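# Architecture and fold: a report
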Amino acid sequence: MRQLLVFYTLSVFLYSCKKTTVLNDLSRENLKGKVLSVKMFSLDSTGVDKKLIEERFYNPSGNLTETKTYDNNGSIRKSATYSYTDKEATVKENTSYNYSSYEKWKFDEKGNCIEKNMYDLEGKSLGRWVVFFDKKNKDTAAIYYLDGAIYRRWVYKYDDLGNQIEALAYMPEGYVLNSYTWKYNKEKDQIEQMSYDGKGNLYVNETFTSLFEYDTKGNWVREVRKYMRGDKKFITERLISYY
C-alpha cells in the first residue's frame, strides 16, 4: 500500500499542487466563471456508453470543498474533503479499499502552495512535497521526500504566456528519469502531451493529442483524446454548474 501511495502521489502532483495557488482552484484548473460543481463522464469510442467518473465541488471563493471519483460500477472509489485557513489547507481522503489518509498544505504570503505533507490516520508520514516559486508565482521546481530523503525532484519550464510547457523528473542521483512537454490552444487547455524516458525515447502510451468543445463561459465540456499507440479515442464530457 505504501508504494501505491507513493506512485499515486507522484502522478497526481503535477495536477494537484501547482500552476497557481491552491486557494484559487478555479484559476488553477482553468475554469472560468463562478463554478459550483463539475461532473465528469467517460464515454466509449462510439459516444454511447456514458459513465460518471468524477465530481468536484467548489465554494463561492473558488476553492474545492469536496471531490469524488467513481469506479466502473458507479460506486465511490475515493472521496476527499477540503478545509482552509489563511495559510493552510487540510485534505481528508477515504478510499473504497478501506484506506484513509490526510494532507496538510502550507501557503506563502501570496497564497502559493509551498509544502504538502501526507499522513495516514495514525499520523505516520507518507511523504512530503516542497515547492519553489519564482517572482511571477510560477512553480519552477518541486522536491518529493520519502522517509526524510529526496525521492524525486521536478523542474518546470514555461512559455511567454505562462503555460507550463515542460517538466523533468530527476532521480536522487541526479539523472533524468522521465520528462513531459505540452502544447496549448488559445483557451490555455492542453492539446498535446509528449512523454519521454530519461534517454529521450518517446513513451507512446502516455503521448496524446486532444480536441475540445466549449460552453458559453469558455470552459471545455467535451474532450476527444487520441493516444499515439492504437486507434481508440477516449471521450470525456463535463457537466458544469454555476452559482
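Below you will find a few notes about this structure. It should be emphasised that the depicted structure is a prediction, and the values quoted were computed from it without experimental measurement.

Reading guide: rules and limits
Residues numbered from 1 in each chain as written. Predicted model: local features only at pLDDT ≥ 70, side-chain atom pairs only at ≥ 80, totals over all residues. Heavy atoms only, no water. Helix = DSSP H or I, 4+ residues; strand = E, 2+ residues; numbered from the N terminus. Rg over C-alpha atoms; globule rule 2.2 N^0.38 Å. Buried < 20%, exposed > 50% of the residue type's maximum accessible area, 1.4 Å probe, protein only. Contact = heavy atoms within 4.5 Å. Areas by Shrake-Rupley, 256 points an atom, 1.4 Å probe, with all protein chains shown as cover. Lys, Arg positive; Asp, Glu negative; His and termini not counted. Charge placed at Lys NZ, Arg CZ, Asp CG, Glu CD. Salt bridge = Lys/Arg side-chain N within 4 Å of Asp/Glu carboxyl O.

### Things to note about the overall build of the chain
- On a plain count of helices and strands, the chain comes out with two helices and 16 strands.
- Against the 2.2 N^0.38 benchmark of 18 Å for 243 residues, the chain shows a C-alpha radius of gyration of 18 Å, consistent with a compact globule.
- By its C-alpha atoms, the chain is 50 × 40 × 40 Å across when sized along the principal axes.
- With 243 residues in all, the chain has 44% of them scored as buried.
- Look at the contacts in the chain between residues 6 or more apart in sequence, and 29% of them connect residues 24 or more apart.
- When the accessible surface of the chain is split by element, carbon and sulfur atoms take 51% of a total near 13300 Å².
- In the chain, 39 side chains carry a positive charge and 34 a negative one; their mean positions are 1 Å apart.

### Brief notes about the pattern of salt bridges
- By the definition in use, this model includes 15 salt bridges.
- One salt bridge connects Glu55 with Lys39, and the closest N-O pair in it is separated by 3.9 Å. Of this pair, Glu55 sits in strand 2 (residues 50–58) while Lys39 sits in strand 1 (residues 35–43), and the two are 16 residues apart along the sequence.
- In this structure Glu55 comes out as buried when scored by relative accessible area, which is 9%.
- Glu237 is paired through a salt bridge with Arg222; the nearest N and O atoms lie 2.5 Å apart. With Glu237 in strand 16 (residues 233–242) and Arg222 in strand 15 (residues 220–227), this pair connects stretches of sequence that are 15 residues apart.

### Comments concerning the side chain of Glu115
- Relative to the elements of secondary structure, Glu115 occurs in strand 7 (residues 113–120).
- With residues up to four places along the chain from it excluded, the contact list for Glu115 reads Lys104, Trp105, Lys106, Arg128 and Trp129.

### Let's talk about the environment of Ser75
- Structurally, the position occupied by Ser75 is in the loop between strand 3 (64–70) and strand 4 (76–84).
- Accessibility expressed as a relative area gives 37% for Ser75, which makes it partly exposed.

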